[in-house]
Amino acid sequence: MIKSFVSGAAFGAALTAAAIHQPDAIVEQMNLRKWQMVTTFLTASGTSTLIVNVFQRMGYLHLNPRNYSTLNVFGSLDGNIIGGLLIGAGMTISGSCPGTVFAQVGGGIHSGLYTLSGAILGGIIWSGFLRPVFQNRTKPARQVEEARRYSLTVDEWAGASQTSMLVAVEVLFTGVIAAIVYLVAPESGGLVSPVTGGLLIAGAQLLSIVTRRALLGTSSSFEEVGDYFWWAIGRGVRPKSYSAIALTAGMVGGALIVSLVAPSTRGAPEIIGPNKAVLGGVLLAIGSRMAGGCTSGHGISGISLLSVSSFVTVAAIFCGGIGTAMMMK
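A few points on the structure. What you see is a predicted model; the values in this text were computed from it and never measured.

**Remarks on the state of the cysteines**
The tally for this structure, following the rule as stated, stands at zero disulfides. Counting only cysteine sulfurs, cysteine 97 is the nearest neighbor of cysteine 294, a cysteine outside any disulfide, at a range of 6.5 Å. Owing to a relative accessible area of 0%, cysteine 294 belongs among the buried residues under this scheme.

**Focus on helix H3 (residues 36-58)**
Here H3 is 23 residues long and its end C-alpha atoms lie 33 Å apart, about the 33 Å a rise of 1.5 Å per residue gives. Here H3 lies mainly inside the structure; 17 of its 23 residues are buried. Within two residues after H3, glycine 59 carries a phi angle of roughly 90°, on the positive side.

**Some points on helix H9 (residues 162-183)**
For H9, with 22 residues, the first-to-last C-alpha span of 31 Å sits near the 32 Å given by 1.5 Å per residue. Where H9 is concerned, the buried positions are Met165, Leu166, Val169, Glu170, Phe173, Ile177 and Ile180. Looking straight down H9, one finds its buried side chains confined to an arc of 135°; they lie on one side. Across from the buried face of H9, at angles greater than 90 degrees, the exposed residues are Val171, Leu172, Tyr182 and Leu183. Alanine 185, located one to two residues past H9, shows a positive phi value of around 50°.

**Describing the nonpolar core**
Judged by nonpolar contacts, the single largest core of 35 residues is most densely connected at Phe11, Leu15, Ile201 and Phe222. With five residues, H9 is the largest single contributor of residues to this core. Look past the residues within four positions of phenylalanine 11 in its chain and what remains in contact with it is Ile201, Ala204, Leu216, Thr218, Met251 and Ser296. Met30, Met91, Ala291 and Ala325 belong to the second largest nonpolar core, which has 10 residues in total.

**A look at the side chain of serine 208**
Within the secondary structure, serine 208 is located in helix H10 (residues 194-212). A polar contact of 2.7 Å, which involves the side chain of serine 208, links it to the backbone oxygen of alanine 214. Sequence-distant contacts of serine 208, defined by excluding residues within four places in its chain, comprise Ser7, Arg213, Ala214, Leu215 and Leu216.

**Details of unusual backbone geometry**
Located in the positive-phi region is leucine 32, a residue other than glycine, with phi close to 60°. Counting through the fold element by element, leucine 32 comes out in the loop between helix H2 (23-30) and H3. The class for leucine 32 is partly exposed, based on a relative accessible area of 44%.

The rules behind these values
Within each chain, residues carry numbers counting from 1 in the order of the written sequence. Only residues with pLDDT of at least 70 are given local features in this predicted model, and only at 80 or more are side-chain atom pairs given and counted; all residues enter the totals for whole chains, interfaces and linings. Side-chain descriptors were evaluated using all non-hydrogen atoms of the structure, hydrogens and water having been removed beforehand. When the sulfur atoms of two cysteines come within 2.5 Å, that pair is taken as a disulfide. Accessible area is worked out with a 1.4 Å probe on protein chains only. A residue is then buried under 20% of its type maximum, exposed over 50%, and partly exposed in between. Helix numbers and strand numbers start at the N terminus; a helix is a DSSP run of H or I with at least 4 residues, a strand a run of E with at least 2. Helix span is expected to be 1.5 Å times the residue number reduced by one. Note that the arc is defined by the directions from the helix axis to the C-beta atoms. Working definition of a nonpolar core: buried Ala, Val, Leu, Ile, Met, Phe, Trp, Tyr and Cys residues. They are joined through side-chain atoms within 4.5 Å. The contact rule is simple, with two residues in contact once any of their heavy atoms fall within 4.5 Å. As used in this structure description, the phrase polar contact means that two N or O atoms lie within 3.5 Å; if the pair is within protein, one of them must be able to donate a hydrogen and the other to accept it, and residues adjacent in sequence are counted only when both atoms belong to side chains.

As structure tokens, then:
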């Protein structure tokens, strides 16, 4: 598990250096008043996409695109849509996300502790109650047959080659980043600029690929904690994995190291109260498990694999976050 811990430490350090773990960076982004988070996110996602595809073509990685998350409520992507909306709402309410919460804890941001508590509670609720409910929902034979024909990647969906779609995604992301930098000139408030912060996050992805042959993702840690909780009280079997817990523990450590070396990154204005932080944390955990990933698992890693489900989930996250911000005004 040391490789997971080290990869997580690099990820947590990058988030802290870029300062996108700060609650105001997330809340202000969802209010469309500050563009630091999107700039860093698009840079990280676009660079990670290049890195992942290079290693896939070299044969070092053999990763499949992310499957659709289906709850059998209204369609094949309903889990990605509902889960993404919940993640977005949780981000606006808590000023955090399923990955940055660990950097917040390591960086001494008090609301992060409450958000993490809520996320752990959400993981327990998911593992013990919600997951069994959705697993017991059976798919009609027609839906099973249709699911086999769904395109898992955007190039398959568009009927284009993987190379042409990769180029299109990179051009789109680069164009949006350039437009934001030119028109808004976002400041990070951290140790590095938003674009450099995105490159650092992609560097953490590269480290994870080289050492673990796996991509970054944090939200499964809440499910792992939930599984251990139910096993500890005698209502489940012993979990087989704790790799996500090791990775997120490393994120706390990496953020802590950066905050100690550079005290200016430690702490943040307390704009999120405990009740909101806990509620947001519950939504983050449940939403990310419904969607089968979060802002890192889908937004950085899933998009790197050109997964349809990841693009849908990220769109739902921003719709949920911006919509919640509008309702909270």
